[in-house]
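# Observations on the model geometry
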Amino acid sequence: MRKVDPGHHLIEAIINGQIGNFVLDTGANVTVINASQAERFGLSRAPGGVRGVGGSLPAGASANARQVAIDSFKIGPITVRQSRVVTADLGQLLTALGKISGSEVSGIVGQDVLNEHRAIIDVARPMLYLMEEDRNPAPVPAERCRSTDKEGRDQQAATGNGAS
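Residues numbered from 1 in each chain as written. Predicted model: local features only at pLDDT ≥ 70, side-chain atom pairs only at ≥ 80, totals over all residues. Heavy atoms only, no water.

### Topic: the overall build of the chain
- Scanning the chain from N- to C-terminus turns up two helices and 14 strands.
- Sorting the 164 residues of the chain into buried and exposed places 38% on the buried side.
- Sequence separation of at least 24 residues holds for 56% of the intrachain contacts in the chain that already meet a minimum separation of 6.
- Taken as a whole, the chain presents about 9500 Å² of accessible surface, with 48% of it coming from carbon and sulfur. (Helix = DSSP H or I, 4+ residues; strand = E, 2+ residues; numbered from the N terminus. Buried < 20%, exposed > 50% of the residue type's maximum accessible area, 1.4 Å probe, protein only. Contact = heavy atoms within 4.5 Å. Areas by Shrake-Rupley, 256 points an atom, 1.4 Å probe, with all protein chains shown as cover.)

So, in structure tokens, the structure goes:
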């Protein structure tokens, strides 16, 4: 993840073999690719039209949204378990973020991906953790949680404050 002012984060994703920068948007219900880049990503219309897209689009997106089929989707080493995304005109939003970040922004990664892969977003570092396997990890007591500090030393998780 790469922090971009004013408080956004960009991630690199590969969709249908094409690399793009995407805004990580926890408020967007769906992953959206800017309509002007649909051809570059080799996107075709998926059966079912725009059903389920309606109120899911981020602020500033056009109403010309459509569901499209994808063949492959990767974020880092993780293959995203998704066969469809949405295309919509995100022009003004992505143009502004592109100017701020100094790179072209292709779209938004939303809750559909984050929920499916049980994402953990570490804003302070900044890092995005995605679970590769399709399983529900069992919760463990905080006393069993461990992490490493900046120097790589093993640290026991704090207890008594709900940390895990």
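### A closer look at the environment of Glu104
- By secondary structure assignment, the location of Glu104 is in the loop between helix H1 (91-101) and strand E10 (105-109).
- For Glu104 and Leu94, which are ten residues apart along the polypeptide, the C-alpha to C-alpha distance reads 7.9 Å.

### Observations regarding a nonpolar patch on the surface
- Together, Ile120, Met127 and Tyr129 make up an exposed nonpolar region whose accessible area comes to about 280 Å².
- With respect to the element layout, Ile120 can be found in strand E11 (residues 120-122).
- The exposed category is assigned to Ile120, whose relative accessible area is 53%. (Patch = residues over 30% accessible without salt bridge, like charges linked within 9 Å, V, L, I, M, F, W, Y side chains within 5 Å. Salt bridge = Lys/Arg side-chain N within 4 Å of Asp/Glu carboxyl O.)

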